[in-house]
Amino acid sequence: MQKIDREELIRLAFEAREKAYTPYSHFKVGAALLAKSGKIYTGCNIENAGYTPTNCAERTALFKAVSEGERQFDAIAIVGSMEGKTNEIVTGPCGVCRQALYEFGGDDLLVIMAKSKEDYIERTLGELLPFGFGPANLAE
Ligand code: THU
């Protein structure tokens, strides 16, 4: 596995968070997803007046990456907090994002949930989504 520059991923997640479109919740999230190719794809949450079409930052990053041809990932950094506030607790990926990431990252994807560049918690996706349902379940 390539070396994971946690500081850089967290920095890029904070940068992406600036773009979050959140007129309804005012909760802004940024994510930076490291592909096995070495490229990093960022994403923010994008809300919608219809509420349910809202897309989380993690899935924005994932869909950008997959639509550019990436299929395998090593790590994702996530930062989130209310508009104008600093992070008091870390933002973990929602259940839908855990499932979406599992498809391409599997158990080993490193999930870095950060308050700042120095203060973060990391877990594998397997720890966050035990017994995850993925492509292997549908293989013969
Ligand atoms: N949100 C994310 O972008 N990622 C998460 O992991 C948690 C929730 C967004 C969705 C919505 O725009 C706002 O945060 C409040 O739920």
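First, a word on what this report is: a plain description of the structure on this page. Not measured: the values here are computed from a predicted model.

**Remarks on the packing of helix α2 (residues 57-67) against helix α3 (residues 95-105)**
So, point 1. Where α2 meets α3, the closest approach of the two axes is 9 Å, and the angle between their N-to-C directions is 25°. With respect to α3, the element α2 is oriented roughly parallel. Both α2 and α3 take part in a crossing whose hand is left-handed. Packed against α2, whose contacting residues are Glu58, Arg59, Leu62 and Val66, the element α3 presents Val96, Cys97, Ala100, Leu101 and Phe104 at the interface.

**What about the nonpolar core?**
Looking at soluble globular proteins, one finds that nonpolar side chains tend to be buried together.
So, point 1. Counting 21 residues, the largest nonpolar core has Leu33, Phe73, Ile76, Leu101, Leu109, Val111 and Leu125 as its most contacted members.
So, point 2. Among the elements of the structure, β1 (27-35), α2, β3 (73-82), α3, β4 (110-114) and α4 (125-128) are those that each provide at least two residues to this core.
So, point 3. Discounting chain neighbours no more than four positions away, the residues touching Leu33 are Lys39, Ile40, Tyr41, Ala61, Leu62, Ala65, Phe73, Ala75, Ile76 and Leu101.
So, point 4. Residues Ile4, Leu9, Ile10 and Leu110 belong to the second largest nonpolar core, which totals 13 residues.

**As for α2**
So, point 1. Along α2, the positions that sit buried rather than exposed are Ala57, Glu58, Arg59, Thr60, Ala61, Leu62 and Ala65.
So, point 2. For α2, the secondary structure elements touched by its buried residues are β1, β2 (40-44), β3 and α3.
So, point 3. Phi turns positive, to about 105°, at Gly69, one or two residues after α2.

**Observations regarding the side chain of Lys28**
So, point 1. Structurally, Lys28 is set in strand β1.
So, point 2. Although buried, Lys28 forms no salt bridge, and the nearest oppositely charged side chain, Glu83, lies 4.4 Å from it.
So, point 3. Side-chain polar atoms of Lys28 contact the backbone oxygen of Ala20, separated by 3.0 Å.
So, point 4. Leave out the neighbours within four places in its chain, and Lys28 touches Arg17, Ala20, Thr22, Asn45, Val79, Gly80, Ser81 and Glu83.

How each quantity is defined
- Residues numbered from 1 in each chain as written.
- Predicted model: local features only at pLDDT ≥ 70, side-chain atom pairs only at ≥ 80, totals over all residues.
- Heavy atoms only, no water.
- Axes fitted to C-alpha atoms, helices over the stretch in contact; angles between N-to-C directions.
- Helix = DSSP H or I, 4+ residues; strand = E, 2+ residues; numbered from the N terminus.
- Parallel < 35°, antiparallel > 145°, perpendicular 65-115°, else oblique.
- Left-handed = near helix turned anticlockwise from the far one by under 90°.
- Contact = heavy atoms within 4.5 Å.
- Core = buried A, V, L, I, M, F, W, Y, C linked by side-chain atoms within 4.5 Å.
- Buried < 20%, exposed > 50% of the residue type's maximum accessible area, 1.4 Å probe, protein only.
- Lys, Arg positive; Asp, Glu negative; His and termini not counted.
- Salt bridge = Lys/Arg side-chain N within 4 Å of Asp/Glu carboxyl O.
- Polar contact = N/O pair within 3.5 Å; in protein donor to acceptor, adjacent residues only side chain to side chain.

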